[in-house]
Amino acid sequence: MLNPKFVVTSLFAVVAFSQLAVMPASAQFGGFFGGPKIETISTQDLSAMLTRQQKAAAEAEQAGKPASEPDFVVVDVRTDAEVNVSVIPGAITKAQYEKNADKYRGKLVIPYCTVGGRSGAYAKKLVADGVKVKNYKGSILKWVDAGLPVQTLDGRPTNRVHTYSDRYKIPAAYEQVTQ
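Position labels on residues start from 1 in each chain and follow its written sequence. It should be noted that, the model being predicted, local features are given only for residues of pLDDT at least 70 and side-chain atom pairs only at 80 or more, the latter also being counted only at that level, while totals for whole chains, interfaces and linings use all residues. Side-chain figures throughout are based on the complete set of non-hydrogen atoms in the structure, without hydrogens or water.

Draft legend 1. Layout of the overall build of the protein. From N to C terminus, the protein includes seven helices and nine strands. Note on areas: Shrake-Rupley with a 1.4 Å probe; residue coverage comes only from the protein chains shown. Carbon and sulfur atoms form 57% of the exposed surface of the protein, whose accessible area is close to 11,300 Å². Secondary structure elements follow DSSP: runs of H or I no shorter than four residues count as helices, runs of E no shorter than two count as strands, and numbering proceeds from the N terminus.

Draft legend 2. Quick peek at the side chain of T152. Within the secondary structure, T152 is located in the loop between β6 (150-151) and β7 (157-158). Under the scheme applied here, a residue whose accessible area is under 20% of the maximum for its type counts as buried, over 50% as exposed, and between as partly exposed, the area being computed with a 1.4 Å probe on protein chains only. Residue T152 is classed as buried on the basis of its relative accessible area of 12%. A distance of 2.3 Å separates a polar atom in the side chain of T152 from a polar atom in the side chain of D154. Contacts are assigned to residue pairs with any non-hydrogen atoms lying within 4.5 Å of each other. Contacts of T152, omitting those with residues within four sequence positions, involve V85, V87 and T158. By the criterion applied in these results, polar contacts are pairs of N or O atoms within 3.5 Å in which, for protein atoms, one can donate a hydrogen and the other can accept it, and in which residues neighboring in sequence qualify only through two side-chain atoms.

Draft legend 3. Structural context of the nonpolar core. In plain words, nonpolar cores are sets of buried Ala, Val, Leu, Ile, Met, Phe, Trp, Tyr and Cys residues tied together by side-chain atoms within 4.5 Å. Counting residues in hydrophobic clusters, the biggest one holds 24 residues, and the most contacted among them are L46, V74, I88, I110, Y112, Y136 and W143. The set of elements that each furnish at least two residues to this core consists of α3 (43-62), β2 (72-76), β4 (108-112) and α7 (139-145). Here this core takes four residues from α7, the largest share from any one element. Look past the residues within four positions of I110 in its chain and what remains in contact with it is I41, L46, M49, F72, V73, V74, V75, K134 and Y136.

Draft legend 4. Representation of helix α6 (residues 117-128). For α6, with twelve residues, the first-to-last C-alpha span of 17 Å sits near the 16 Å given by 1.5 Å per residue. Every buried residue of α6 is listed here: S119, G120, Y122, A123 and L126. Buried residues along α6 cover an arc of 165° about the axis, so they all sit on one side. Looking at the residues trailing α6, positive phi occurs at G130, about 85°. In a helix, the anticipated span is given by 1.5 Å times the number of residues less one. In this description, the arc belongs to the directions extending from the helix axis to the C-beta atoms.

Draft legend 5. The pairing of β2, seen in detail. Counting buried residues along β2, five of its five residues qualify, which places the element largely inside the surrounding structure. Residues of β2 alternate between two faces, with F72, V74 and D76 on one and V73 and V75 on the opposite face, all of them buried. We treat two strands as partners when DSSP finds at least two bridges between them. As defined by bridge partners, β2 adjoins β4 across five bridges and the pair is classed as parallel. Of the residues in β4, the one forming a bridge with F72 is L108. Pairing of β2 with strand β3 (residues 92-93) involves two bridges; the strand directions are parallel. Across the sheet, the residue bridging to V75 is I92, located in β3.

Dropping the structure here:
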């Protein structure tokens, strides 16, 4: 007579392995074996790019000239609830990017989220579509860890940061929002 635990365990293994057989390797192993390699950008480099862009825009405005378009765009891929709390200065939402994708054709796209997972997945999608991408791994949590400013979607400074979950800790200078 067969041991009932053995039967259940064997049945579970058959079902689990049958599911793996129909999944692509990238889905089974989180992209370990497949998918494009996505470049990343550091907090220091992103901050420097944004600072140069802001300085050039201010100089153009002071000279009464139109500001030149930057050769990059920062895209916040978080949910509406998250971006409605704050964004990295100069960032646009994923919806804004996708609505105006032609405007950004040929530019470096720098997606970010809370820690870099969702932006990494979005970066892989963009690379597959032929877009030049650098993922901001560490995302808004790294940004605030560096003490850098955040703003509302309409450009007002804020110290509020949506962290998706209270398991993430942020510096005391910021107000953590999880809902």
